[in-house]
Structure formats: C-alpha cells, structure tokens
Amino acid sequence: MIRRILLVIPAMLGISVLLYTVLALAPGDPFSELAQNPAVPPEVAAALRAKFGLDDPVWVRYGHWFTAMLRGDWGFSFVSRMDVDTLILQRLPTTLVVIGAAQLIAILVALPVGVLAGIRPYSIFDQIANTLAFIGFSLPTFFTGLLLILVFSIQLDWLPFVYRADINATGWKFYWEHVKQSIMPVMVLGLFQGASLVRYVRSSVLDVVRLDYVITARSKGIGERKVITKHVVRNALIPVVTLVMLQMPVVFGGAIVTEQIFRVPGIGSLLISAMLANDTPVVMAVTFVFSCLVVLCNLIADVLYAWLDPRISYR
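So, here is what we can say about the structure in this document. (Residues numbered from 1 in each chain as written. Predicted model: local features only at pLDDT ≥ 70, side-chain atom pairs only at ≥ 80, totals over all residues. Heavy atoms only, no water.)

Some remarks on the overall build of the chain
Counting its regular elements, the chain contains 13 helices and 2 strands. Burial analysis of the chain (315 residues in total) assigns 40% to the buried set. Restricting the contact set of the chain to residue pairs at least 6 apart, pairs at least 24 apart contribute 72%. Split by element, the accessible area of the chain, about 18,100 Å² in all, is 69% carbon and sulfur. (Helix = DSSP H or I, 4+ residues; strand = E, 2+ residues; numbered from the N terminus. Buried < 20%, exposed > 50% of the residue type's maximum accessible area, 1.4 Å probe, protein only. Contact = heavy atoms within 4.5 Å. Areas by Shrake-Rupley, 256 points an atom, 1.4 Å probe, with all protein chains shown as cover.)

Structure follows, in structure tokens:
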C-alpha cells in the first residue's frame, strides 16, 4: 500500500505539468478582455499582466503555481473575485453527493440484474435486461436529461428542473426539497452507469458460473443460494469493482453535462463557466481536482481488488 501510494506522487506531478502546459498554450487568458476594453489604459493592463506573471515563460509560471499550490494557495478567480480553493470547496460537495448517489443507484440496479441475467442466460429476463441495458447506455445523458425534464417537470409537474441552492425552508421540508431537485440528475447518471454495468456483471458471472470449482461445490450438495453468493458473486465482482473505479472519469464527464442541463451548482458547471470566461486559474484547479479524484478511485480499486482476491499480494 505504501508503495502504491508513493506511485501516486509522480503521477499527479505529471498530470499537473500536462494540464498546465495545455492551458498555457491555449488561446486567451483572464486579462484578454482588458486589452480590448477601451476604458482600461494599456499601461494598466500591462501592469496587471506583469503582476500575475502572464508574460513569463511557461515553466516559470508552472513553478510559481506549483509552489503556491503546495502552500495551499490555488490562485485567485478573476471572474468570481475570490480564492479558487474557496470557490471549489463551495461547489465540490454538491458534485460528490450527486455522483455518489448516482453510483449507489447504478450498483444497486446492476448487481442483482446482472447476476440474475448471468445465472439464467438467454432466458426472458436476460433478454429484457440486455435490451434495456443497450438502450440505457446508448442514449447520451443530455438526451435522457432533457427527456426527464419534458416528462416529469413540464408534462407532470412533479419535479423541479432547475436546481436551487437557496431553498427557503427549514426542517424536513428543506431536506425534501433538496431530494426532489436531486432526483432527476441522480437518475440520469445512475441509470446510464447502471446500464453499462449490467452487461459487465452478466459477462463476469457467465465466466465464473462455468468454472470447475462452482460445479464441484454443487456436486457436494451445497445449496444453490450459497453457491451463487459465496462462490460465484464474490469472484465475479473482482473485475467489476475494478471497472467501476476505472470508469469514474466517464461519470465525472457525464456529471459536467448533467449539471449544465439541470443547473446544478456543482464543480462541473463551475468548470464550464470558467472555460467560457477564460478564468484559467479556476480551469486548472478544477481539472486538477478531477484528476486527483480519478487517481484516488484507481487506488481504491487496487485495495478492493486485493481484498476480494486474497491470492493477490503486493510484494
């Protein structure tokens, strides 16, 4: 574990270098609009660029950013007029709650459906599950999001289609309003991820259920439920757990689109608004946070893989 954690350090360093270089070479910067504003004197714009080092070489700017980040200073948002770390900490919990709830729903749907489809291949249930799974992960999140808004918000008027952070309520009503406005974003992400997981769970169960030790367990008279839960599901989950963690970048990408559709004040919508405003410090910080979360999910996948398969030992 210590060795695996230490490998994260050069990985994150390389990711930060790549992200900063790409953003530095991209056209535009936070002060590009100042140069086009006739009300701002050219010497004022030049002084601001010199103060923030925007005309320095890329490697010099990266060194300043990296040392400042190690001190806990992630930069300043020129659009929001506040520190970047404060801005991210305001938005990150909302995104993590939405993604976490979506992943929970995906797992709760995919595991029983995939296992039942795997132990009863080519049955009516298996065919229905496969058909719905193909439809689920073939539809993009922006389409299903707009479809849910059309049905549940416009036609039925059951759920709000705009996420509001300033809810004027207290007690249980406050929490219920938050749950209501989170249902559609969570369902869009959860069903999309769950549909793809159903196929992987089914395929993994099919591979395990035909192995010799499963046939031997049945021949010893062990009950079918115990065979499925102890011998089939536990071993079939090994590649599935790894896949769930490795697909987190896809979930984060879907969260960015979903947050824009439902106006969720999360880190995804913050990234889009920062990109449109050329707010480079915010874009760099948000993409780096996403990268950290992906690397963390890979680390968790390694730990769970070792826990599920006791034959693995890190030597």
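So that's the structure; there's more coming.
Focus: the packing of helix α11 (residues 248-262) against helix α12 (residues 267-276)
Relative placement of two packed helices is described by the angle separating their axes and the distance separating the axes. For the pair α11 and α12, the least separation of the axes is 7 Å and the interaxial angle reads 85 degrees. As summarised for this structure, α11 and α12 are arranged roughly perpendicular, according to the angle between their axes. Here I256, E259 and Q260 of α11 come into contact with α12, specifically with I267, G268, S269, L271 and I272. Broken down by class, the residue content of the contact of α11 with α12 amounts to 4 nonpolar, 3 polar and 1 charged. (Axes fitted to C-alpha atoms, helices over the stretch in contact; angles between N-to-C directions. Parallel < 35°, antiparallel > 145°, perpendicular 65-115°, else oblique. Nonpolar A, V, L, I, M, F, W, Y, C, P; charged D, E, K, R; others polar.)

Re the nonpolar core
Residues I88, I267, V282, V286 and F290 are the most contacted members of the largest nonpolar core, which totals 28 residues. When contributions to this core are tallied by element, the ones reaching two or more residues are α5 (84-119), α8 (172-209), α11, α12 and α13 (280-308). Per-element tally for this core: the top contributor is α13, with 9 residues. The residues touching V286, leaving out its near neighbours within four places in the chain, are I88, I267, L270 and L271. Ranked by size, the runner-up nonpolar core spans 22 residues in total, among them V198, V208, V232 and A236. (Core = buried A, V, L, I, M, F, W, Y, C linked by side-chain atoms within 4.5 Å.)

Quick look at the packing of aromatic side chains
Counted by the stated rule, this structure contains 8 aromatic pairs. When the centroid spacing of 5.7 Å and the interplanar angle of 70 degrees are considered together, the rings of Y20 and Y62 count as edge-to-face. In this pair, Y20 sits in helix α1 (residues 2-25) while Y62 sits in helix α4 (residues 58-70), placing the two residues 42 residues apart along the sequence. The class of Y20 is buried, set by a relative accessible area of 15%. Ring geometry for Y62 and W65: centres 6.0 Å apart, planes at 35 degrees, overall tilted. Note that Y62 and W65 are positioned in helix α4 at a spacing of 3 residues, about one turn of the helix. Each member of the pair, Y62 as well as W65, is classed as buried. Here the aromatic residues Y20, Y62, W65, F66, W74 and F288 are joined through ring pairs into a cluster of three or more. Sitting above the plane of the Y122 ring, R202 keeps its charged end 5.8 Å from the centroid. (Phe/Tyr/Trp six-rings, centres within 6.5 Å; stacked < 30°, edge-to-face > 60°. Lys NZ or Arg CZ within 6 Å of the ring centre and 35° of its normal.)

Description of the environment of V294
Within the secondary structure layout, V294 lies in helix α13. Distance from V294 to L246, taken between C-alpha atoms, is 7.7 Å for residues 48 residues apart in sequence. Excluding residues that lie within four positions of it along the chain, V294 makes contacts with P249 and F252.

With respect to the side chain of S204
Structurally, S204 can be placed in helix α8. When neighbours within four sequence positions are excluded, S204 is seen to be in contact with A236, P239 and V240.

Overview of the side chain of T287
Residue placement: T287 occurs in helix α13. Residue classification places T287 among the buried positions, given a relative accessible area of 18%. At 2.7 Å, the side chain of T287 forms a polar contact with the backbone oxygen of V283. Of the polar contacts made by the side chain of T287, one reaches the backbone oxygen of M284; its length is 3.0 Å. Beyond its immediate sequence surroundings of up to four residues, T287 is in contact with L19 and L271. (Polar contact = N/O pair within 3.5 Å; in protein donor to acceptor, adjacent residues only side chain to side chain.)

So, the pattern of salt bridges
Any two side chains of opposite charge can pair, on the condition that their charged atoms come close. Here the structure, examined in full by the defined rule, presents 1 salt bridge. Linking R202 and D126 is a salt bridge whose minimum nitrogen-to-oxygen distance equals 2.7 Å. One end of the pair, R202, is in helix α8; the other, D126, is in helix α6 (residues 124-138), and 76 residues separate them in sequence. D126 carries the same exposure label as R202, and that label is buried. (Salt bridge = Lys/Arg side-chain N within 4 Å of Asp/Glu carboxyl O.)

Re α4
At 3.6 residues per turn, the α-helix brings residues three or four places apart onto the same side. For α4, built from 13 residues, the straight-helix expectation of 18 Å at 1.5 Å per residue is met to within 8% by its first-to-last C-alpha distance of 18 Å. Note on α4: the residue one or two positions beyond its end, G72, has a positive phi of about 90 degrees. (Expected span 1.5 Å × (residues − 1).)

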